[in-house]
Every structure is written in C-alpha cells, then in structure tokens.
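Topology and contacts: notes
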Amino acid sequence: MTSKPLVAGLCAAAVALTTGSSALAQAAAAPGAAAVPVTHGPPLTGVCIFSFENAIGLSKVGQFVDGRMKQIIAQTNAELTGEKNQIDASAKALEGQRATLDQTTFEQRGSQLQIQASALQRKAQLRDREVQATEQKAVARISQELEPFVRQAYQAKACSILLQRNSVIIGNPAMDITQAVVTGVDGKITQFAFDRERLDQPGVATPAGGAPPIVQTPGPAPRPAPAKK
C-alpha cells in the first residue's frame, strides 16, 4: 500500500451539507428579488395568485424554520468534520511511522483507517438524508399551517380560481393574496420545536418522498352466494 492512495482516500471523506429542499432556498431568495416596474392592466375578477415560496420567506414561522435548519446543518457538519479530522490525523501519524513499520503492519493499520473513512462516508450520506427529511417535514408543517389561511383569503377576496405564483410570468399584484395569508399565519404561529430526523433508528423509516405509508382497511367479507333451489 503506497502512502498517496492512503492519504487521498481518507481525505475524500470530507462532506459539507446544505439545505436539500428547494422550498426554503427559494423562499430565502424570493422576497429580495428586484423587479423591473411594469404597468398592469386591471385585475381580473375572480382570479387570484398565491406564492408558497414567498409565504414561507415572509412568514415568521418560515423564517424560524430557515434559521433552525441552518443550526441543524451546522451541528451536523461539525460532527462530520470532527470525525474526518481525527481520521486525517491518524492517517498522517501512520505515514510518519511508515519507515519504522513492517509492510504488513502498515497495511493492516491503513486498512483500519480505510474502514473508518468508509464508515464516515456512509454516515455523511445518512446525515444528508436526515437533513433532507427534516426539512421536508418542517416545510410540510408550514404548508399545513398556511392552508386554512389560504382558504380564508381566497374566500375573502371572492376568488374563483387560485394560481400558483411561480406558474405566472407577470401578474397584477392586486390579485395576489400571499400577504393576507402571511398576516393570518403570523397571528397564529411563529415557531415550533423540531430536531434532526433520525433515520438510523428502528421504526422511523419512511417511503421515498417522505410520505407516510397508506394503510388500507379491508372491506367486509363477501357474503356467500344463496343456495340454488
């Protein structure tokens, strides 16, 4: 075993996590987007617009979730970086002992470090999935909190149809109910407690996409056919 593959392989265990879902990332950028002034025609009666991303970015609960996710990611990165630094330090120490160790001992210790590095890579992948699951669950909670206020604003403005803002290129702001929804949800909730999801514990696995499994209730047993007379 040569020293170059050993060091290179162990140093490859570095991993940095970022927010996995686009919802919070888009929400963080959406409110600050500069727009060229446009002259709009009259608002269309019954047509309304709503931006889920802007509602997250402007609402207090959305801003809280964004800050909490950054904390969770920083904590996770600190955990992974600490373990990586320990492995790197052990690899450098082993390289320094190469001249005094026989080849068999050197390769055995190098193999042990490679096992640790591979385990760290698997942990990093697991933590990445956990962060994504955490964000998906938090965004789903925000969506749940927004939903009744979307209906309320829809009815208050006598809407006949509600369009998602990101599917509309340009629209008259007078048709936008996003701020009304934000005002409503801010009056109900500003934060909620949550921690990183743990996917390595038994009983917490979820199907792809984070949706809970669908439990089907069996129907009544079929009745026997009446006897022919």
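Overview of the state of the cysteines
Under the counting rule described, the total for this entry stands at one disulfide. The disulfide partner of Cys-48 is Cys-159, and the gap between their sulfur atoms is 1.9 Å. Torsion about the S-S bond of the Cys-48 and Cys-159 cystine: about -90°, corresponding to left-handed handedness. Placement of Cys-48 in strand β1 (residues 47–50) and of Cys-159 in the loop between α5 (103–156) and β2 (161–164) is noted, with a sequence separation of 111 residues between them.

A closer look at the environment of Pro-43
Following the sequence through the fold, Pro-43 ends up in the loop between α2 (22–29) and β1. The exposure class of Pro-43 is partly exposed, given its relative accessible area of 45%. In contact with Pro-43, not counting residues within four places along its chain, are Asn-172, Ala-174 and Met-175.

With respect to the environment of Pro-42
Considering the arrangement of structural elements, one finds Pro-42 in the loop between α2 and β1. For the pair Pro-42 and Asn-172, spaced 130 residues apart in sequence, the C-alpha to C-alpha distance is 7.5 Å.

Observations concerning α5
Relative to the 80 Å expected for 54 residues at 1.5 Å per residue, α5 spans 79 Å between its end C-alpha atoms, a close match to the ideal helical length. Largest kink in α5: about 30°, centred on Leu-146, with the proline Pro-148 one to four residues after it. At the N-terminal boundary of α5, the capping side chain belongs to Asp-102, with an oxygen 3.1 Å from the backbone nitrogen of Thr-104.

Rules of the game
Residues numbered from 1 in each chain as written. Predicted model: local features only at pLDDT ≥ 70, side-chain atom pairs only at ≥ 80, totals over all residues. Heavy atoms only, no water. Disulfide = S-S within 2.5 Å. Helix = DSSP H or I, 4+ residues; strand = E, 2+ residues; numbered from the N terminus. Buried < 20%, exposed > 50% of the residue type's maximum accessible area, 1.4 Å probe, protein only. Contact = heavy atoms within 4.5 Å. Expected span 1.5 Å × (residues − 1). Bend = angle between axes of the 7 residues up to and from the residue. Polar contact = N/O pair within 3.5 Å; in protein donor to acceptor, adjacent residues only side chain to side chain.

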